[in-house]
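Descriptive analysis of the structure
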Amino acid sequence: YQTIVEASPESWDMLLASNLKSYIYCSRVAIPAMRKRGKGSIINVASVRSITAGERTVQYDTAKAAIAGLTRGMAMDHSPEGIRVNAVCPGPIFTPFHAKRIAAAGKTIADYNADAAQRTMMKRPGTSEEVAGCIYFLATDDASYVTGSMLFVDGGMTAM
């Protein structure tokens with residue numbers, strides 16, 4: 001975790017490569033195939049950090065905000081071709097990655113849950129399955145009129 005002053009050019013390059021450029025390069029390959037089919041659905045994973053800020057997470061927050069802009073721009077460019085582009089924006093979701101970070105910080109899962117309880121309307125962190133269900137919906141024809149959207153899967157965090 002770094003501030004803008006502490007972050008090195010190399011750390012910016014690494015973070016933007018993994019959290020933004022990977023989406024760009026995958027889409028560059030997928031869109032021509034979707035054009036041939038006359039339809040498709042791209043679902044990017046942004047974050048609540050696309051519209052909120054965390055302490056000492058300026059690099060991550062910037063990348064996730066860029067994914068939101070990328071999603072809207074690609075939707076504008078490719079929706080006329082039958083390609084829908086949306087993003088899910090998870091809030092606090094408990095994953096094995098978070099379990100490792102919690103332990104490294106000397107905290108417990110109960111601490112993580114208590115923090116999520118204060119920051120969400122649902123009073124708990126979400127699960128990977130809950131995020132996957134939203135991604136699944138956006139991939140199906142049930143979402144055939146949804147494009148350029150950001151679906152916040154955050155237990156109401158961004159609405160507070």
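**Description of the overall build of the chain**
A count of helices and strands for the chain gives five helices and three strands. Going from N to C terminus, the chain has its helices and strands arranged as α-β-α-β-α-α-α-β. A compact globule built from 160 residues should have a C-alpha radius of gyration of about 15 Å, and the chain, at 17 Å, falls within 12% of that. Overall, the C-alpha framework of the chain stretches about 50 × 40 × 25 Å when taken along its three principal axes.

**A short note on the nonpolar core**
In this structure, I42, A46, I67, L70, M74, I83 and V85 are the most contacted members of the largest nonpolar core, which totals 14 residues. When contributions to this core are tallied by element, the ones reaching two or more residues are helix 1 (9-37), helix 2 (58-78) and strand 2 (83-90). Not counting residues within four places of it along the chain, the set of residues in contact with M74 comprises S27, I42, N44, S79 and V85. Ranked by size, the runner-up nonpolar core spans six residues in total, among them I93, L138, A143 and V153.

**Re the environment of K123**
Relative to the helices and strands, K123 resides in the loop between helix 4 (109-119) and helix 5 (128-139). Looking at K123, the relative accessible area reads 51%, which means it is exposed. Spatially, the C-alpha atoms of K123 and D142 are 29 Å apart, while their sequence positions differ by 19 residues.

**Side note on the sheet that holds strand 1 (residues 40-45)**
The strand order across the open sheet formed by three strands is 1-2-3, and the pairing between neighbours is parallel. Sheet topology places strand 1 and strand 3 (150-153) at the edges, where each strand pairs with a single neighbour. For this sheet, the mean angle separating the axes of adjacent strands, direction not counted, is 25 degrees. Pairing of strand 2 with strand 3 involves four bridges; the strand directions are parallel. Bridge pairing links P90 to V153 in strand 3.

**Quick look at the side chain of N44**
Along the chain, N44 falls in strand 1. Overall, N44 belongs to the buried group, its relative accessible area being 3%. In contact with N44, not counting residues within four places along its chain, are Y23, I67, T71, M74, V85, N86, A87 and V88.

**Side note on helix 2**
The end-to-end C-alpha separation of helix 2 is 30 Å, in line with the 30 Å expected for 21 residues at 1.5 Å each. What helix 2 keeps buried is the set Q59, D61, A63, K64, I67, A68, L70, T71, M74, A75 and H78. On its buried side, helix 2 packs onto helix 1, strand 1, strand 2 and strand 3.

**Details of unusual backbone geometry**
Positive phi, normally seen in glycine, also occurs at R56, with a value near 60 degrees. On the secondary structure map, R56 appears in the loop between strand 1 and helix 2. One non-glycine residue, K123, lies in the positive phi region at around 65 degrees.

**Examining the pattern of salt bridges**
Per the stated rule, a full pass over the model turns up five salt bridges. With a shortest N-O distance of 2.7 Å, E81 and R35 are connected by a salt bridge. Separated by 46 residues along the polypeptide, E81 in the loop between helix 2 and strand 2 and R35 in helix 1 bring together distant segments of the chain. Under the relative-accessibility criterion, E81 is labelled partly exposed at 27%.

Scoring rules and cut-offs
Residues numbered from 1 in each chain as written. Predicted model: local features only at pLDDT ≥ 70, side-chain atom pairs only at ≥ 80, totals over all residues. Heavy atoms only, no water. Helix = DSSP H or I, 4+ residues; strand = E, 2+ residues; numbered from the N terminus. Rg over C-alpha atoms; globule rule 2.2 N^0.38 Å. Core = buried A, V, L, I, M, F, W, Y, C linked by side-chain atoms within 4.5 Å. Buried < 20%, exposed > 50% of the residue type's maximum accessible area, 1.4 Å probe, protein only. Contact = heavy atoms within 4.5 Å. Pairing = 2+ DSSP bridges. Axes fitted to C-alpha atoms, helices over the stretch in contact; angles between N-to-C directions. Expected span 1.5 Å × (residues − 1). Salt bridge = Lys/Arg side-chain N within 4 Å of Asp/Glu carboxyl O.

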